[in-house]
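These are the residues of each chain, in order.
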Amino acid sequence: MKLVRRSRPVPARSLVTALVTALVVLSGCSASGAGSGKGSAGPGLDDPAKKEIAMRLVSSAENATLDWRAQYAYIQDIGDGRGYTAGIIGFCSGTGDMLRVVERYAATRPGNPLERFLPALRAVEGSDAHDGLGRPFTDAWAKAAADAAFRSAQDAERDHSYFDPAVRQAKDDGLGALGQFIYYDAYVMHGAADSKGTVGFRTMRREALAAAEPPSRGGDETTFLNAFLDARVTAIRNEPSHSDTSRIETAQRVFVREGRFQLETPLRWKVYGDSYRIDGP
(Lines give C-alpha, C1' and ligand atoms only; values in the text may rest on other atoms or scores of the structure.)
Protein backbone atom coordinates (compact mmCIF):
# COMPACT_ATOMS: atom_id res chain seq x y z
CA MET A 1 0.00 0.00 0.00
CA LYS A 2 1.32 3.47 -0.91
CA LEU A 3 0.99 6.05 1.91
CA VAL A 4 0.53 9.67 0.75
CA ARG A 5 2.17 12.43 2.82
CA ARG A 6 -0.33 15.22 3.52
CA SER A 7 0.70 18.89 3.23
CA ARG A 8 -1.34 20.13 6.16
CA PRO A 9 -1.81 18.96 9.78
CA VAL A 10 -4.32 16.19 10.32
CA PRO A 11 -6.72 16.34 13.30
CA ALA A 12 -5.77 13.83 15.99
CA ARG A 13 -8.96 11.75 15.62
CA SER A 14 -8.55 11.57 11.83
CA LEU A 15 -4.92 10.59 12.25
CA VAL A 16 -5.84 7.70 14.56
CA THR A 17 -8.54 6.54 12.15
CA ALA A 18 -6.14 6.67 9.24
CA LEU A 19 -3.48 4.71 11.13
CA VAL A 20 -5.96 2.05 12.23
CA THR A 21 -7.24 1.71 8.68
CA ALA A 22 -3.69 1.37 7.35
CA LEU A 23 -2.86 -1.29 9.91
CA VAL A 24 -5.99 -3.27 9.04
CA VAL A 25 -5.21 -3.14 5.34
CA LEU A 26 -1.58 -4.11 5.86
CA SER A 27 -2.57 -6.92 8.20
CA GLY A 28 -5.03 -8.23 5.64
CA CYS A 29 -2.40 -8.22 2.91
CA SER A 30 -0.02 -10.12 5.13
CA ALA A 31 -2.59 -12.76 5.98
CA SER A 32 -3.68 -13.41 2.39
CA GLY A 33 -0.22 -13.63 0.84
CA ALA A 34 1.38 -11.59 -1.88
CA GLY A 35 0.08 -13.41 -4.94
CA SER A 36 -2.88 -12.85 -7.22
CA GLY A 37 -5.14 -15.51 -5.74
CA LYS A 38 -8.35 -14.11 -7.19
CA GLY A 39 -10.53 -16.94 -5.93
CA SER A 40 -8.95 -17.82 -2.60
CA ALA A 41 -11.01 -15.40 -0.51
CA GLY A 42 -14.40 -17.04 -1.04
CA PRO A 43 -15.84 -20.37 0.09
CA GLY A 44 -13.77 -23.42 -0.77
CA LEU A 45 -14.84 -26.51 -2.66
CA ASP A 46 -15.69 -28.14 0.67
CA ASP A 47 -18.58 -25.70 1.01
CA PRO A 48 -21.68 -27.90 0.41
CA ALA A 49 -22.97 -25.81 -2.49
CA LYS A 50 -19.55 -25.78 -4.19
CA LYS A 51 -19.05 -29.50 -3.59
CA GLU A 52 -22.39 -30.18 -5.25
CA ILE A 53 -21.25 -28.23 -8.31
CA ALA A 54 -17.97 -30.16 -8.34
CA MET A 55 -19.78 -33.49 -8.26
CA ARG A 56 -22.01 -32.46 -11.14
CA LEU A 57 -19.03 -31.30 -13.18
CA VAL A 58 -17.20 -34.59 -12.62
CA SER A 59 -20.33 -36.57 -13.47
CA SER A 60 -20.68 -34.78 -16.79
CA ALA A 61 -17.25 -36.10 -17.79
CA GLU A 62 -17.42 -39.51 -16.12
CA ASN A 63 -21.04 -40.42 -16.79
CA ALA A 64 -22.42 -37.94 -19.37
CA THR A 65 -24.99 -36.62 -16.90
CA LEU A 66 -25.25 -34.06 -14.11
CA ASP A 67 -27.18 -36.53 -11.93
CA TRP A 68 -24.20 -37.84 -9.99
CA ARG A 69 -26.36 -39.46 -7.30
CA ALA A 70 -27.72 -41.88 -9.88
CA GLN A 71 -24.19 -43.27 -10.36
CA TYR A 72 -23.80 -45.24 -7.13
CA ALA A 73 -25.12 -48.30 -8.99
CA TYR A 74 -23.04 -47.79 -12.15
CA ILE A 75 -20.49 -50.49 -13.00
CA GLN A 76 -18.86 -51.36 -16.32
CA ASP A 77 -15.56 -52.39 -17.87
CA ILE A 78 -14.83 -49.47 -20.19
CA GLY A 79 -11.73 -51.10 -21.66
CA ASP A 80 -9.15 -48.75 -20.15
CA GLY A 81 -7.04 -51.47 -18.59
CA ARG A 82 -8.32 -50.81 -15.07
CA GLY A 83 -10.91 -53.58 -14.87
CA TYR A 84 -14.35 -52.56 -13.70
CA THR A 85 -15.11 -48.87 -13.34
CA ALA A 86 -17.97 -48.09 -10.98
CA GLY A 87 -19.75 -45.69 -8.68
CA ILE A 88 -19.88 -41.94 -8.28
CA ILE A 89 -16.32 -41.15 -9.44
CA GLY A 90 -15.27 -44.31 -11.25
CA PHE A 91 -13.70 -46.54 -8.60
CA CYS A 92 -11.71 -49.28 -10.36
CA SER A 93 -11.12 -52.92 -9.55
CA GLY A 94 -7.62 -52.65 -10.99
CA THR A 95 -6.47 -49.64 -8.94
CA GLY A 96 -7.53 -50.66 -5.45
CA ASP A 97 -10.08 -47.95 -4.65
CA MET A 98 -13.00 -50.26 -5.49
CA LEU A 99 -11.56 -52.73 -3.01
CA ARG A 100 -11.42 -50.00 -0.37
CA VAL A 101 -15.05 -49.09 -0.99
CA VAL A 102 -16.13 -52.71 -0.42
CA GLU A 103 -13.92 -52.97 2.67
CA ARG A 104 -15.55 -49.83 4.08
CA TYR A 105 -18.98 -51.27 3.32
CA ALA A 106 -18.11 -54.56 5.01
CA ALA A 107 -16.90 -52.72 8.11
CA THR A 108 -20.26 -50.98 8.56
CA ARG A 109 -22.52 -53.73 7.14
CA PRO A 110 -20.93 -57.13 7.88
CA GLY A 111 -22.32 -59.95 5.79
CA ASN A 112 -23.43 -57.69 2.94
CA PRO A 113 -23.64 -59.32 -0.55
CA LEU A 114 -20.39 -57.70 -1.74
CA GLU A 115 -18.27 -58.92 1.14
CA ARG A 116 -17.72 -62.38 -0.36
CA PHE A 117 -15.94 -60.75 -3.33
CA LEU A 118 -13.19 -59.21 -1.20
CA PRO A 119 -10.64 -62.00 -1.89
CA ALA A 120 -11.23 -61.68 -5.63
CA LEU A 121 -10.90 -57.89 -5.53
CA ARG A 122 -7.60 -58.22 -3.71
CA ALA A 123 -6.40 -60.75 -6.29
CA VAL A 124 -7.20 -58.61 -9.36
CA GLU A 125 -5.71 -55.36 -8.03
CA GLY A 126 -3.13 -54.08 -10.49
CA SER A 127 -4.74 -55.79 -13.47
CA ASP A 128 -7.83 -55.63 -15.67
CA ALA A 129 -8.89 -59.17 -14.77
CA HIS A 130 -12.43 -60.17 -13.77
CA ASP A 131 -11.45 -63.45 -12.12
CA GLY A 132 -13.84 -64.31 -9.32
CA LEU A 133 -16.03 -61.31 -10.11
CA GLY A 134 -18.09 -61.24 -13.32
CA ARG A 135 -21.84 -60.92 -13.49
CA PRO A 136 -22.49 -62.00 -9.87
CA PHE A 137 -20.27 -59.15 -8.67
CA THR A 138 -21.67 -56.47 -10.98
CA ASP A 139 -25.23 -57.44 -10.06
CA ALA A 140 -24.38 -57.31 -6.35
CA TRP A 141 -22.74 -53.89 -6.78
CA ALA A 142 -25.80 -52.45 -8.53
CA LYS A 143 -28.17 -53.85 -5.91
CA ALA A 144 -26.01 -52.58 -3.05
CA ALA A 145 -26.56 -49.01 -4.26
CA ALA A 146 -30.00 -49.14 -2.64
CA ASP A 147 -28.28 -49.40 0.77
CA ALA A 148 -27.39 -46.07 2.40
CA ALA A 149 -24.39 -47.72 4.05
CA PHE A 150 -22.95 -48.60 0.63
CA ARG A 151 -23.52 -45.09 -0.65
CA SER A 152 -21.78 -43.74 2.44
CA ALA A 153 -18.85 -46.08 1.79
CA GLN A 154 -18.46 -44.58 -1.69
CA ASP A 155 -18.71 -41.05 -0.29
CA ALA A 156 -16.10 -41.79 2.35
CA GLU A 157 -13.60 -43.27 -0.11
CA ARG A 158 -14.13 -40.36 -2.50
CA ASP A 159 -13.40 -37.86 0.25
CA HIS A 160 -10.48 -39.70 1.81
CA SER A 161 -8.55 -40.59 -1.34
CA TYR A 162 -9.52 -37.83 -3.76
CA PHE A 163 -11.57 -34.85 -2.63
CA ASP A 164 -9.92 -34.00 0.68
CA PRO A 165 -6.27 -34.26 -0.43
CA ALA A 166 -6.99 -32.34 -3.64
CA VAL A 167 -8.76 -29.50 -1.83
CA ARG A 168 -6.11 -29.38 0.89
CA GLN A 169 -3.26 -29.09 -1.63
CA ALA A 170 -5.11 -26.48 -3.69
CA LYS A 171 -5.74 -24.35 -0.61
CA ASP A 172 -2.05 -24.62 0.30
CA ASP A 173 -1.29 -23.35 -3.20
CA GLY A 174 -3.58 -20.36 -2.67
CA LEU A 175 -6.22 -21.48 -5.17
CA GLY A 176 -9.94 -20.76 -5.02
CA ALA A 177 -12.85 -23.14 -5.58
CA LEU A 178 -12.12 -23.47 -9.31
CA GLY A 179 -8.50 -24.41 -8.75
CA GLN A 180 -9.57 -26.82 -6.02
CA PHE A 181 -11.97 -28.44 -8.48
CA ILE A 182 -9.29 -28.63 -11.17
CA TYR A 183 -7.03 -30.48 -8.72
CA TYR A 184 -9.89 -32.75 -7.64
CA ASP A 185 -10.82 -33.69 -11.19
CA ALA A 186 -7.19 -34.56 -11.90
CA TYR A 187 -7.10 -36.75 -8.79
CA VAL A 188 -10.27 -38.53 -9.93
CA MET A 189 -9.06 -39.26 -13.44
CA HIS A 190 -5.34 -39.89 -12.86
CA GLY A 191 -4.82 -40.64 -9.18
CA ALA A 192 -2.23 -39.05 -6.93
CA ALA A 193 0.87 -40.88 -8.13
CA ASP A 194 2.19 -42.12 -11.46
CA SER A 195 1.34 -45.67 -12.42
CA LYS A 196 1.83 -47.82 -15.51
CA GLY A 197 0.61 -45.81 -18.48
CA THR A 198 -0.61 -42.95 -16.30
CA VAL A 199 0.83 -39.64 -15.13
CA GLY A 200 -0.48 -38.81 -11.67
CA PHE A 201 -1.53 -35.54 -10.05
CA ARG A 202 1.76 -35.01 -8.23
CA THR A 203 3.75 -35.08 -11.46
CA MET A 204 1.33 -32.64 -13.11
CA ARG A 205 1.62 -30.25 -10.20
CA ARG A 206 5.41 -30.52 -10.21
CA GLU A 207 5.46 -29.64 -13.91
CA ALA A 208 3.09 -26.73 -13.32
CA LEU A 209 5.33 -25.41 -10.53
CA ALA A 210 8.30 -25.55 -12.90
CA ALA A 211 6.40 -23.33 -15.33
CA ALA A 212 4.63 -20.86 -13.01
CA GLU A 213 4.36 -19.80 -9.38
CA PRO A 214 1.11 -20.53 -7.51
CA PRO A 215 -0.68 -17.66 -5.73
CA SER A 216 0.70 -18.82 -2.38
CA ARG A 217 4.18 -17.94 -3.69
CA GLY A 218 3.19 -14.66 -5.29
CA GLY A 219 2.09 -16.01 -8.66
CA ASP A 220 -0.97 -15.20 -10.74
CA GLU A 221 -3.86 -17.64 -10.41
CA THR A 222 -4.78 -17.63 -14.10
CA THR A 223 -1.20 -18.25 -15.19
CA PHE A 224 -0.68 -21.07 -12.72
CA LEU A 225 -3.97 -22.83 -13.48
CA ASN A 226 -3.23 -22.73 -17.19
CA ALA A 227 0.20 -24.20 -16.51
CA PHE A 228 -1.40 -27.03 -14.56
CA LEU A 229 -3.97 -27.63 -17.30
CA ASP A 230 -1.17 -27.66 -19.89
CA ALA A 231 0.57 -30.39 -17.88
CA ARG A 232 -2.64 -32.35 -17.63
CA VAL A 233 -3.39 -32.12 -21.35
CA THR A 234 0.08 -33.51 -22.06
CA ALA A 235 -0.55 -36.33 -19.59
CA ILE A 236 -3.88 -37.25 -21.16
CA ARG A 237 -2.42 -37.32 -24.66
CA ASN A 238 0.36 -39.61 -23.52
CA GLU A 239 -1.98 -42.14 -21.91
CA PRO A 240 -2.86 -45.16 -24.03
CA SER A 241 -6.41 -45.27 -22.64
CA HIS A 242 -7.21 -41.56 -22.99
CA SER A 243 -6.90 -38.99 -25.73
CA ASP A 244 -9.88 -36.63 -25.54
CA THR A 245 -9.02 -33.42 -23.68
CA SER A 246 -12.41 -31.74 -23.86
CA ARG A 247 -12.92 -31.88 -20.10
CA ILE A 248 -9.98 -29.49 -20.03
CA GLU A 249 -10.22 -27.41 -23.19
CA THR A 250 -14.00 -26.91 -23.43
CA ALA A 251 -14.75 -27.00 -19.71
CA GLN A 252 -12.07 -26.12 -17.14
CA ARG A 253 -10.08 -23.87 -19.43
CA VAL A 254 -13.31 -22.00 -20.23
CA PHE A 255 -13.94 -21.33 -16.53
CA VAL A 256 -10.39 -20.03 -16.10
CA ARG A 257 -10.73 -17.77 -19.12
CA GLU A 258 -14.03 -16.42 -17.80
CA GLY A 259 -12.45 -15.75 -14.40
CA ARG A 260 -14.87 -17.96 -12.47
CA PHE A 261 -12.36 -18.62 -9.72
CA GLN A 262 -15.14 -19.34 -7.22
CA LEU A 263 -17.09 -21.51 -9.68
CA GLU A 264 -19.66 -18.75 -9.92
CA THR A 265 -22.79 -19.77 -11.77
CA PRO A 266 -24.01 -19.83 -14.44
CA LEU A 267 -21.47 -22.33 -15.72
CA ARG A 268 -21.62 -23.52 -19.32
CA TRP A 269 -19.26 -26.13 -20.77
CA LYS A 270 -18.88 -29.06 -23.13
CA VAL A 271 -17.42 -32.52 -22.58
CA TYR A 272 -16.99 -35.04 -25.40
CA GLY A 273 -19.14 -32.77 -27.56
CA ASP A 274 -22.11 -32.68 -25.17
CA SER A 275 -23.23 -29.34 -23.73
CA TYR A 276 -24.05 -28.76 -20.05
CA ARG A 277 -24.98 -25.85 -17.84
CA ILE A 278 -25.51 -25.12 -14.16
CA ASP A 279 -27.58 -22.02 -13.54
CA GLY A 280 -27.54 -21.97 -9.76
CA PRO A 281 -26.10 -23.64 -6.65
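Calculation rules
Residues numbered from 1 in each chain as written. Predicted model: local features only at pLDDT ≥ 70, side-chain atom pairs only at ≥ 80, totals over all residues. Heavy atoms only, no water. pLDDT = per-residue confidence, 0-100. Contact = heavy atoms within 4.5 Å. 1 Å grid on protein atoms, 1.4 Å probe; cavity = no way out; pocket = protein on both sides within 12 Å on 5 of 7 lines; lining within 4 Å. Points joined across faces, edges and corners; volume = space filled by probe spheres on them. Helix = DSSP H or I, 4+ residues; strand = E, 2+ residues; numbered from the N terminus. Nonpolar A, V, L, I, M, F, W, Y, C, P; charged D, E, K, R; others polar. Salt bridge = Lys/Arg side-chain N within 4 Å of Asp/Glu carboxyl O. Buried < 20%, exposed > 50% of the residue type's maximum accessible area, 1.4 Å probe, protein only. Pairing = 2+ DSSP bridges.

Trainee: Outline the confidence of the model for the chain, listing residues and values.
Mentor: On average, residues of the chain carry a pLDDT of 87, and 85% of them reach 70 or more. Within the model, the stretch residues 1-35 combines pLDDT values under 50 with 9 contacts to residues more than four positions away or in other chains.

Trainee: Tell me about the layout of surface pockets, and please be specific about residues and values.
Mentor: Roughly 1000 Å³ of volume is contained in the largest pocket. Taken together, the elements giving at least two residues each to the lining of the largest pocket come down to α2 (48-63), β3 (91-92), α3 (97-108), α6 (148-172) and α7 (177-190). Each residue belonging to the lining of the largest pocket can be placed in one class, and the counts come to 13 nonpolar, 17 polar and 10 charged.

Trainee: Break down the pattern of salt bridges for me, citing the residues and quoting the values.
Mentor: Taken as a whole and assessed by the stated rule, the structure comprises 20 salt bridges. Here Glu-62 makes a salt bridge to Arg-247, at a shortest N to O gap of 3.2 Å. Remark: Arg-247 occurs in helix α10 (residues 246-257) and Glu-62 occurs in helix α2; sequence separation between them is 185 residues. Look at Arg-247 and you get buried, because its relative accessible area is 3%. In this structure, Asp-159 engages Arg-158 in a salt bridge whose closest nitrogen and oxygen atoms are separated by 2.9 Å. The pair formed by Asp-159 and Arg-158 is uniform in burial state, with each residue classed as buried. A single network of salt bridges, built from pairs that share partners, joins Lys-51, Asp-155, Arg-158 and Asp-159.

Trainee: I'd like a rundown of the pairing of strand β5 (residues 274-278), residues and numbers included.
Mentor: As defined by bridge partners, strand β4 (residues 267-271) adjoins β5 across 5 bridges and the pair is classed as antiparallel. Across the sheet, residue Trp-269 finds its bridge partner in β5, namely Tyr-276. Counting the residues between successive antiparallel strands, the hairpin from β4 to β5 contains 2 residues, one of them, Tyr-272, with a positive phi of roughly 50°.

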